[in-house]
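# Structural characterization, general
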Amino acid sequence: MKNIMNAPFLKEFVKTTSNMYRLGWDERNGGNISYLLSDEEVKEYEIDEVIRELPLGFDAKKLAGRYFLMTGTGKYFKNCEDDPENNLGIIRIKEDGSTSELMWGFKDGGKFTSETPAHLMSHIARLSVDPSNRVVLHTHPQNIMAMTFIHPISDREFTRTIWKMNNECIIVFPDGIGTLPWMVCGTNEIGEATAEKMKQYRIVIWPNHGIYGVGSSLDEAFGLVETVEKAAMIYNIIGERKIINPITDEDLKNLAEYFNVNYRKDFLDI
Ligand code: 2HA
Ligand code: ZN
């Protein structure tokens, strides 16, 4: 059995939290990540003893037996790389679906992120449409947050604006962006609403708060979020100034067709 401290998935995970912290996206304890471990990953490392039980407070039966590496509640992204064992944990979902078992980490008595409902419910939703999904990532990027204060909150309108701020966008997320109304964070309700959106989107915006991105790897989930954030930054730089050289709906259609992506045709006025 190998020591988990050397696990490539753990190294990549903590590098991601450091990177996100340095981008200014994860102030204080802002942001959280959950990573579904594969059976091979679990077997290789010493994570087969239950340390203690942690109740979930919602039904995650569909994830029974699965292992998740997660950030801890109240923990800072800034500190994960130097001290993974206190700031992160690995839980296994019990057969009853409403309890989890701590298998590693949260050494100082901590527990999983306050956004665990949104994370696990999003895993369930994404796995139902994409069995390769592994990562749910939540963060507070500056430009996305700013944009949600001044832009209409609708899936179609938000997606259209972002698609038109960078040619890459329709190629990277042809499925578009889901948006929620403002809701109290950390609750089962926002978890359920996020997961509902995740059945059709890989990106969900929480107005005045942040964003969720998902994917089959940390790179993929992070890459989605950074692409949206870059586009939101262009939007904010342009501000009130008149756009005289726009990306048109016709341009978007041509891009999507050339790159052969299955885009939301109903989001274009064509
Ligand atoms: O706990 O990001 O949404 C940190 C958060 C809550
Ligand atoms: Zn948050």
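Think of each chain on its own: its residues are numbered from 1, step by step along the sequence as written. In the order they appear in the text, chains get letters beginning with A and ligands get numbers beginning with 1. Residues qualify for local features only when their pLDDT is at least 70, as the model is predicted, and side-chain atom pairs are given and counted only at 80 or more; totals for whole chains, interfaces and linings, by contrast, use all residues. To obtain the side-chain values, all non-hydrogen atoms of the structure were used and water was disregarded.

A few words now on the overall build of the protein chain. Segments assigned H or I by DSSP are reported as helices when at least four residues long, segments assigned E as strands when at least two residues long, and all are numbered from the N terminus. Tallying secondary structure elements over the protein chain gives 11 helices and 9 strands in all. The quantity called the radius of gyration is restricted to C-alpha atoms. Its globule counterpart is 2.2 Å times the number of residues to the power 0.38. Taking 2.2 N^0.38 as the reference for a compact globule, 270 residues should give roughly 18 Å; the C-alpha atoms of the protein chain span a radius of gyration of 19 Å, in line with that estimate. For the protein chain, the spread of C-alpha atoms along the three principal axes comes to 60 × 35 × 35 Å. Residue exposure (1.4 Å probe, protein chains only): buried if accessible area is under 20% of the type maximum, exposed if over 50%, otherwise partly exposed. Considering the protein chain as a whole, with its 270 residues, one finds that 53% of them fall into the buried category.

Throughout, near means a residue has at least one heavy atom within 4 Å of the molecule or strand. Taken together, the neighbourhood of ligand 1 is formed by N29, G30, G31, N32, S114, E115, H138, H140 and H209. In the model, an oxygen atom of ligand 1 is placed 2.5 Å from a nitrogen or oxygen of the E115 side chain. N or O atoms within 3.5 Å of each other form a polar contact, as long as, within protein, one can give a hydrogen and the other can take it, and as long as residues adjacent in sequence are counted only when both atoms are side-chain atoms. H140 places a polar side-chain atom, nitrogen or oxygen, 2.9 Å from an oxygen atom of ligand 1. When ligand 1 sits alone it has 220 Å² of accessible area, and the protein chains cover 88% of it. When residue character is reported, Ala, Val, Leu, Ile, Met, Phe, Trp, Tyr, Cys and Pro are called nonpolar, Asp, Glu, Lys and Arg charged, and the others, Gly included, polar. The residue makeup of the shell around ligand 1, split by class, is no nonpolar, 8 polar and 1 charged. Surface accessibility in these figures is a Shrake-Rupley result with a 1.4 Å probe; residues are shielded only by whichever protein chains are displayed.

Below, the discussion takes up the pattern of salt bridges. Think of a salt bridge as a Lys or Arg side-chain nitrogen and an Asp or Glu carboxyl oxygen that are within 4 Å of each other. Enumeration according to the criterion identifies 16 salt bridges in this entry. As a salt-bridge pair, D269 and R156 come within 2.7 Å of each other at their nearest N and O atoms. Taken as a pair, D269 in the segment after α11 (249-258) and R156 in helix α7 (residues 155-163) lie far apart in primary sequence, 113 residues in all. Accessibility expressed as a relative area gives 23% for R156, which makes it partly exposed. A salt bridge links K164 to D249; the nearest nitrogen and oxygen atoms lie 2.5 Å apart. On the criterion of sequence distance, the pair formed by K164 in the loop between α7 and α8 (168-172) and D249 in helix α11 is long-range, its members being 85 residues apart. The exposure class assigned to D249 is buried, which follows from its relative accessible area of 10%.

So, about the coordination of the zinc ion (ligand 2). Around the zinc ion (ligand 2), the protein contributes the donor atoms H138 (NE2), H140 (NE2) and H209 (NE2), at 2.0 to 2.1 Å from the metal centre. Spacing between the donor residues of the zinc ion (ligand 2) along the chain follows H-x1-H-x68-H. A residue pair is termed long-range when its members are at least 10 positions apart, and H140 in the loop between β6 (135-139) and α6 (142-150) and H209 in the loop between β8 (203-206) and β9 (210-215) qualify at 69 residues. Like H140, the residue H209 is buried in the burial classification. Ligating atoms shown are N, O and S within 2.8 Å of the metal, or 3.2 Å for Na, K and Ca, and water is not included, meaning a site may look less than complete.

Structurally, the position occupied by N143 is in helix α6. Looking at N143, its side chain comes within polar contact range of the side chain of N236, at 3.0 Å. Leaving out residues up to four positions away in the same chain, N143 has contacts with E229, A232, M233 and N236. Residues are treated as being in contact if the distance between any of their heavy atoms lies within 4.5 Å.

Following DSSP output, two strands are said to pair if at least two bridges run between them. The mixed open sheet is built from 9 strands, whose spatial order is β2-β5-β4-β3-β1-β6-β9-β8-β7. Each edge of the open sheet carries a strand with a single partner, namely β2 (52-55) and β7 (178-179). Bridge analysis of β7 against β8 gives 2 bridges, and the strand direction is parallel. Paired with T179 across the strands is I205, a residue of β8. Between N-to-C directions, angles span 0 to 180 degrees; the directions come from axes that are lines fitted to C-alpha atoms, helices contributing only their stretch in contact. Of the strands in this sheet, β1 (32-36), β6, β8 and β9 touch helix α10 (residues 218-238), which is tilted by about 145° from β9.

Right, let's get into the nonpolar core. The criterion is simple. A nonpolar core is a set of buried Ala, Val, Leu, Ile, Met, Phe, Trp, Tyr and Cys residues joined through side-chain atoms within 4.5 Å. In terms of nonpolar packing, the biggest core is built from 54 residues, with F9, L37, I47, L69, I90, I162 and F173 touching the most fellow members. Counting residues per element, this core draws most heavily on α10, at 9 residues. Within the second largest apolar cluster, 28 residues are counted, among which are I91, L120, L127 and I190.

Tracing the backbone through its elements, the reader meets R126 in helix α5 (residues 116-129). In this charge count, Lys and Arg are treated as positive and Asp and Glu as negative; neither His nor the chain ends contribute. Within the buried set, R126 has no salt-bridge partner at all; the shortest N-O distance to an opposite charge, 4.4 Å, is to D130. With sequence-adjacent residues up to four places away left out, R126 is seen in contact with N133, M198, K199, Q200, Y201, R202 and V214.

Let us now look at the packing of α6 against α10. Between α6 and α10, the least distance of the axes is 8 Å, while the angle of their chain directions is 55°. The orientation of α6 relative to α10 falls into the category oblique. Taken as a pair, α6 and α10 cross one another with a handedness that is left-handed. Facing Q142, N143, I144, A146, M147 and I150 of α6, the residues of α10 in contact are V225, V228, E229, A232, M233, Y235 and N236. Split into classes, the residues belonging to the contact of α6 with α10 amount to 9 nonpolar, 3 polar and 1 charged. Working definition: roughly parallel below 35 degrees, roughly antiparallel above 145 degrees, roughly perpendicular at 65 to 115 degrees, and oblique for all remaining angles. Left-handed describes a crossing whose near helix is turned anticlockwise from the far helix by less than a right angle; the clockwise case is right-handed.

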